[in-house]
Structure formats: structure tokens, C-alpha cells
Amino acid sequence: MLKKNAETIVSIKDVHKSFGQLEVLKGVSLDVKKGEVICVIGPSGSGKSTLIRCINGLNDIQGGQINVCGIDLTDPKLDKLELRKRVGMVFQQYNLFPHKTALENIIMAPTLVLKQDKAASEKRAFELMQKVRLEGKEHAYPGELSGGQQQRVAIARSLAMNPDVMLFDEVTAALDPETVKEVLVTIKDLAQEGMTCILVTHEMGFAREVADHIYFTDNGVIVEHGSPKTFFNKAKDPRTKEFLSQIL
Amino acid sequence: MASKRPSTIPGINRHGSTDLPVLKPFAPSQPIAFHTSAWLANMPAWTGFVLLLPLMLWPFASHAAGSFTMTDAFSALIRWMPFLLKSGFLFNVIISLFAMLIGTFLGIILGLGQISKNRFIKRISWFFTQLFRNSPWLVLLFIVLLAFPFEVTIFGVIIPIPDWMKAVIGLSLPIMANISEIVRGAVLSVPTAQWEAAESLAFSRQQILWRIILPQCFKRMIPPWMNWYAILTMATPLCSLLGVEEIITLSRQAMEAENNHPELLVPFYSFALGLFFFYCYPIARVTMYLERRYSVKI
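To start, this report covers the structure provided alongside it. (Residues numbered from 1 in each chain as written. Chains lettered and ligands numbered in written order. Predicted model: local features only at pLDDT ≥ 70, side-chain atom pairs only at ≥ 80, totals over all residues. Heavy atoms only, no water.)

**Points about the overall build of chain B**
Here comes step 1: Scanning chain B from terminus to terminus reveals ten helices and two strands.
Here comes step 2: The linear arrangement of helices and strands in chain B, starting from the amino end, is α-α-α-α-α-β-β-α-α-α-α-α.
Here comes step 3: A burial count over chain B gives 43% of its 298 residues as buried.
Here comes step 4: Contacts in chain B between residues at least 24 apart in sequence constitute 75% of all its contacts with a sequence separation of at least 6.
Here comes step 5: Here chain B displays about 17,400 Å² of accessible surface, and carbon together with sulfur accounts for 68% of that area. (Helix = DSSP H or I, 4+ residues; strand = E, 2+ residues; numbered from the N terminus. Buried < 20%, exposed > 50% of the residue type's maximum accessible area, 1.4 Å probe, protein only. Contact = heavy atoms within 4.5 Å. Areas by Shrake-Rupley, 256 points an atom, 1.4 Å probe, with all protein chains shown as cover.)

And the structure:
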């Protein structure tokens, strides 16, 4: 899965982000190549979620540079809508639109934002529902679906925009252990198809299995990073060792 | 060391206090949001008949002394009833409907203005909302009555503005301000996660508001909206002070026509009271029913 010579699709350089007095990111740099799967792990409050929320412009940064698919996020004339068409995001709490069926949730953005033909986007939506293994649930409302099912619809909804990068913000944190698996399988499928994925996760087993590169953040900085093998077996930094000893 | 027994126990025989957050008892059966409707809807349906009771009993309490008996008063009311109903109360209903229509339309605009990203629009909308929400209705009515001309000329056509139209405008102002707050509150009640999810799908702000947020909170706006309609209807007699010929004005005129016998007061005003009750009571009941239904969402 490692793409050695692929182009860099997300480039983050020395990013600083504060909420008022609280500095959350203190100079974070990372590069993601096309087709790579990146896992960001670390204790709560270490700035993981903030970092990936900066990538699609949900949070603005105060310093440094972010470049996504050739779009410079620090550009004052940045077209956030153009950026967000290229970057899909899935949230911890699914955030499906409760007044729309699964199918409507999926076709809404393609028809309204990309101005695609309704029949075509419906056809694609059915395909996506199949892909996330939810055939037959197209006309169910989010309230009628389980957490795992809702999360898979949310993934399908993001994929319907044909993004270049997918961001996953602790997407399994609100699920029970059994449903976690069905969501992870969906993400794994995606990763194997060559989708560039950036995941914030607490699923260490999953990170070890699927990720090309793992970043460990603590207190707003990247403490250590490397391939899953070196990261989990030969961690050097004491903070990483301490974290891993507690969870493994 | 003698252990000192406290003479009072906090929370038992003395007022307890704590810095910690305290979970207060949850009372879903007592909706606090809509005082008027809740108060009205909680009355048993026979309250209306109790209100009309003085009217029914009045003839029996008649004194033989006066030349004008209570029976006369009662038959006077019977004579005037169709007129009071058709020309009086119906007009109150019409005024309330028009004021609600205008107030709702302007209130939605003002409410959306309050959540605008544009700081100027936001401030202005907030200002007008607070101004009209916190002004006495009667004062607003008088201002409109005195400030508006009795006719306007548009493209050479003279359009008269009757007093009742001014009353409609005057009453629609506080309604507008309160609807504005309902819209603002409803939009803010939708979790910000919905905004973020929509933003990350590249929806524009306009699209998010109209396609995702407002459809979700539309249902939540209906009960408070109806609550304000009931309040507005009960406020329409204020128009009688402006000389608008609604039920209270006409009742007074009818009593004058019947030579102002004091015996007329109770039957005539009880009749008006009963009409308002029977009009607003079903609205209040439906409001509370919808409130209960929509509050158990998701």
C-alpha cells in the first residue's frame, strides 16, 4: 500500500492554532501522499481533532501553512467551498440530517452543491449504499438506523462528493465494540481502494493493520511518528512508550 | 475533643447551599415555555361555562325595585348577540389574523437578520426585536395611530388607512419581535454539529440555513407561534381604545343604546369574555398537544 513516489496531497507545515489563550497546536508538520492512510493517535486534548478540522477549514489556523490538493488554506481569498468539495469528513457523532432519509442524505450535496443530475446521483447513492453494506436501508431515516449504520451512511454521504481526501474524526468513539467493526471494515475497504485517508482514532489494532504512517500527538506537538511496525514495537520517546504501555 | 454537633443541618432545617452544579427535578409535564397557553390549556373545558355563569344567573337575581329588571338586561343581550358576534368578535378575529400574518412575515425576516453573519444587520435586527418585544403594546398602538397618516398617496392614488388597519400594524409590531426571537431560538437550538456536517459537504451558508437547519426547526416553531397567536387575540380589545369597532367598542355602544343601565354591564362583558375563552381555549389545547408531541423528538 505504500506509495513511495506518489504526489503529496496534504502538506501541513509548522501549524499553530489557539482557542483564545489556549494554544492547541504548537507547530505541527506532516505530509500525506496520495493513497496513503495516516492515523493520528494520542491522549484526549492533544489536538488531534483540531488538527484534522484545520485541514478542511472548519478551524482557522493562526500560524504555519496548510496545502490541500494544491489549495493554500492560508490564502486570504481562499474559497472554502472549493476546498470542501475535495475533502470529505466523517464525525464522531455521525451528524446525519435527521429530516432526510439515508438516500436523501447522500444525494443532497451532489445535487445541490455539485449540481449533478438527480437520477445520476441517486444511482451513485445506491451504489454507495451497497459499498457500505447497507442495501435496503436507502429509505430509512437516521433515527431508524443503529449508530454503526448511521456512521456508514455518513461515510457514503462524504464519498458521494468524490473527495480526494477523507478525514475521519474518531468515527468509532461513540459506537459499541461490535458495531465498531462494521465501520472499520468499511474504512479498510476504502483504504484498499486507494483513497487517501486521515484518521484520528483510538483503535490501535486498526491503526496497526491499516495505516501507512502513524503520528502520535501530545500537548499540541507531534511527539513521534513512523510506520506502524516501528511505532508500535520500537517507540523511542518516553511519552509514547507510556501511552502505549497503558493501552496495549 | 468534644465533637460539636451542628445545631442546624443544611438542606433540612436551614437553607442548603453548594458551589457544585445541582440537578434539579425534571418536570416534563409542566412546560414553562408558554405561560399563557399552558395556563389556558390546563383549565378544564367547563371553565368557559363558569365564565358565562353570571350571564345565565343574572336574570334570576333580578330586583323588582327598578323599572329595568335583569330580565330586561338579558333580553337586551339576546337582541344584540348576533350583531356583537358578526360585526364585533369576527372583526377581532380578522384583526388578529392580519396582525399575525404581517407579524410572522416580518418576524421571520428579523429573526434571520438576528443570526446574520453581517454584524450591522445582526445589531439592527437585535435592536428592533428588543425594542418592540419590550414595549407596552398599548403604547405601540398609540404611536402607530398618531404617527401614521390617515391616508397615503401612491402614484397619485389616495389610499385611506382606516383605524383598524393601523391597529393591525400596531399589534403586528410586538408579534414581529416575538416571532423574531422564536426564529432565532429555533435556529440556535439545532446542534452546531449539523452546521459543521453541512459545511464539510461544501454547502453554502444559505443552503445550510434553508435546506438543513430551518426544515429541522420548523416544527419546533409552531407551538410558540400559536401561543403568540392566542396572546394576540386576547389583546385585540386594546383596539377599542383607538375607536376600532371591535367587540368591546360595540358592546359599549350597545349598552349606551340600551340607556346605560348598570345591570347591562355583567351580561355584556361576560358574553365577550366567554367568546374569547371559547376561541382561544382550543388553540391553547392544540398548542400544548403539539408542544408535547414535538418535544419528544430524536
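**Section: the overall build of chain A**
Here comes step 1: The helix and strand inventory of chain A stands at nine helices and ten strands.
Here comes step 2: For chain A, whose C-alpha radius of gyration is 18 Å, the value lies close to the compact-globule estimate of 18 Å for 248 residues.
Here comes step 3: Projected onto its principal axes, the C-alpha positions of chain A cover 55 × 45 × 40 Å.
Here comes step 4: For chain A, the proportion of its 248 residues judged to be buried stands at 54%.
Here comes step 5: In chain A, the proportion of contacts linking residues at least 24 apart, taken out of those at least 6 apart, comes to 65%.
Here comes step 6: Positive and negative charge centroids in chain A, built from 32 and 32 side chains respectively, lie 2 Å apart. (Rg over C-alpha atoms; globule rule 2.2 N^0.38 Å. Lys, Arg positive; Asp, Glu negative; His and termini not counted. Charge placed at Lys NZ, Arg CZ, Asp CG, Glu CD.)

**Brief notes about empty space enclosed by the protein**
Residue and element names in this part refer to chain A.
Here comes step 1: As enumerated under the stated definition, the model contains one cavity of 30 Å³ or more in all.
Here comes step 2: In this structure, the largest cavity encloses a volume near 30 Å³.
Here comes step 3: Taken together, Glu-170, Val-171, Thr-172, Leu-184, Leu-199, Val-200 and Thr-201 make up the lining of the largest cavity. (1 Å grid on protein atoms, 1.4 Å probe; cavity = no way out; pocket = protein on both sides within 12 Å on 5 of 7 lines; lining within 4 Å. Points joined across faces, edges and corners; volume = space filled by probe spheres on them.)

**Some words on the side chain of A:Thr50**
Residues and elements named next belong to chain A.
Here comes step 1: As for its placement among the helices and strands, Thr-50 is situated in helix H1 (residues 48-55).
Here comes step 2: Under the relative-accessibility criterion, Thr-50 is labelled buried at 11%.
Here comes step 3: Excluding its chain neighbours within four sequence positions, the residues that come into contact with Thr-50 are Lys-17, Phe-19, Val-24, Leu-25 and Asn-59.

**Structural notes on the layout of surface pockets**
Here comes step 1: For the largest pocket, the calculated volume is near 540 Å³.
Here comes step 2: Forming the walls of the largest pocket are 19 residues, and the residues nearest its centre are B:Ile115, B:Lys117, B:Trp195, B:Glu199 and B:Arg205.
Here comes step 3: Breaking the lining of the largest pocket down by element, the ones donating at least two residues are helix H2 (80-86) of chain A together with helix H6 (163-189), helix H7 (192-200) and helix H8 (205-235) of chain B.
Here comes step 4: Here the lining of the largest pocket takes four residues from H7(B), the largest share from any one element.
Here comes step 5: Per-class residue counts for the lining of the largest pocket are seven nonpolar, four polar and eight charged. (Nonpolar A, V, L, I, M, F, W, Y, C, P; charged D, E, K, R; others polar.)

**Thoughts on the sheet that holds strand S4 (residues 63-68) of chain A**
All names here are of chain A.
Here comes step 1: Strand order across the open sheet formed by four strands is S2-S1-S4-S5, with antiparallel pairing between neighbours. With one partner strand each, in any of the chains shown, strand S2 (22-33) and strand S5 (71-72) form the two edges of the open sheet.
Here comes step 2: Bridge analysis of strand S1 (residues 8-19) against S4 gives five bridges, and the strand direction is antiparallel. Residue pairing in the sheet places Ser-11 in a bridge with Asn-67 of S4. (Pairing = 2+ DSSP bridges.)

**Here's the deal with the sheet that holds strand S8 (residues 196-200) of chain A**
Residues and elements named next belong to chain A.
Here comes step 1: The sheet built from six strands is open, its strands ordered S6-S7-S8-S3-S9-S10 with mixed pairing. The open sheet has two edge strands with one neighbour each: strand S6 (87-90) and strand S10 (221-226). Adjacent strand axes in the sheet meet at a mean angle of 20 degrees, parallel and antiparallel pairs treated alike.
Here comes step 2: Sheet topology note: the strand S9 (residues 213-218)/S10 ladder contains five bridges and is antiparallel. (Axes fitted to C-alpha atoms, helices over the stretch in contact; angles between N-to-C directions.)

**A few points about the interface of chain A and chain B**
Here comes step 1: Facing 23 residues of chain A, the contacting portion of chain B comprises 16 residues.
Here comes step 2: It is A:Phe97, A:His99 and A:Leu112 in chain A that bury the most area against chain B; as a group they hold 28% of the surface buried on that side.
Here comes step 3: Viewed at the interface, chain B and chain A are joined by two salt bridges.
Here comes step 4: As a salt-bridge pair, A:Arg53 and B:Glu196 come within 2.6 Å of each other at their nearest N and O atoms.
Here comes step 5: At the boundary of chain A and chain B, one finds five residue pairs in polar contact (both at pLDDT 80 or more).
Here comes step 6: Class assignment for the residues of the side of chain A that touches chain B results in 13 nonpolar, four polar and six charged. (Buried area = accessible area lost by both parts, 1.4 Å probe. Salt bridge = Lys/Arg side-chain N within 4 Å of Asp/Glu carboxyl O. Polar contact = N/O pair within 3.5 Å; in protein donor to acceptor, adjacent residues only side chain to side chain.)

**Here we look at the nonpolar core**
Here comes step 1: A:Val10, A:Val68, A:Ile198, B:Val187, B:Phe203 and B:Ile213 are the most contacted members of the largest nonpolar core, which totals 100 residues.
Here comes step 2: Among the elements that take part in this core, H8(B) stands out by supplying 14 residues, more than any other.
Here comes step 3: Non-local contacts of A:Val10, meaning those with residues more than four positions away in its chain, are made with A:Leu30, A:Asp31, A:Val32, A:Ile55, A:Asn67, A:Val68, A:Val165 and A:Ile198.
Here comes step 4: Listed in part, the 48 residues of the second largest apolar core include A:Ala140, A:Ile187, A:Ile214 and A:Ala235. (Core = buried A, V, L, I, M, F, W, Y, C linked by side-chain atoms within 4.5 Å.)

**Things to note about the pattern of salt bridges**
Any two side chains of opposite charge can pair, given that their charged atoms come close.
Here comes step 1: Considering all chains together, one arrives at 15 salt bridges over all chains under this definition.
Here comes step 2: Three or more residues joined by partner-sharing salt bridges are found here, namely A:Asp218, A:Arg239 and A:Glu242.

**Topic: the environment of B:Leu77**
Here comes step 1: On the secondary structure map, B:Leu77 appears in helix H3 (residues 70-114).
Here comes step 2: When its relative accessible area of 0% is taken as the criterion, B:Leu77 is described as buried.

**With respect to helix H5 (residues 137-147) of chain B**
All names here are of chain B.
Here comes step 1: Along H5, the residues classified as buried are Trp-137, Leu-140, Leu-141, Val-144 and Leu-145. The buried residues of H5 occupy one face: seen down the axis, they fall within an arc of 135 degrees. Pointing more than 90 degrees away from the buried face of H5 are the exposed residues Leu-146 and Ala-147.
Here comes step 2: The elements touched by buried residues of H5 are helix H4 (119-133), H6 and H8. (Arc of directions from axis to C-beta.)

**Details of a nonpolar patch on the surface**
Residues and elements named next belong to chain B.
Here comes step 1: A cluster of nonpolar residues, Phe-120, Ile-121, Ile-124, Trp-126, Phe-127, Phe-128 and Leu-131, forms a patch on the protein surface that exposes about 680 Å² of accessible area.
Here comes step 2: Assignment of secondary structure puts Phe-127 in helix H4.
Here comes step 3: Since its relative accessible area comes to 44%, Phe-127 is described here as partly exposed. (Patch = residues over 30% accessible without salt bridge, like charges linked within 9 Å, V, L, I, M, F, W, Y side chains within 5 Å.)

**Some remarks on the side chain of B:Ser135**
All names here are of chain B.
Here comes step 1: Structurally, the position occupied by Ser-135 is in the loop between H4 and H5.
Here comes step 2: With a relative accessible area of 17%, Ser-135 lands in the buried category.
Here comes step 3: Within the local environment of Ser-135, its side chain forms a polar contact with the backbone oxygen of Leu-131, the two atoms lying 2.5 Å apart.

**Concerning the pairing of S6(A)**
Residue and element names in this part refer to chain A.
Here comes step 1: On S6, burial covers both faces: Val-87 and Met-89 on one face and Gly-88 and Val-90 on the other are all buried.
Here comes step 2: Sheet topology note: the S6/strand S7 (residues 165-169) ladder contains four bridges and is parallel. Within S7, the position partnered with Met-89 by the bridge is Leu-167.

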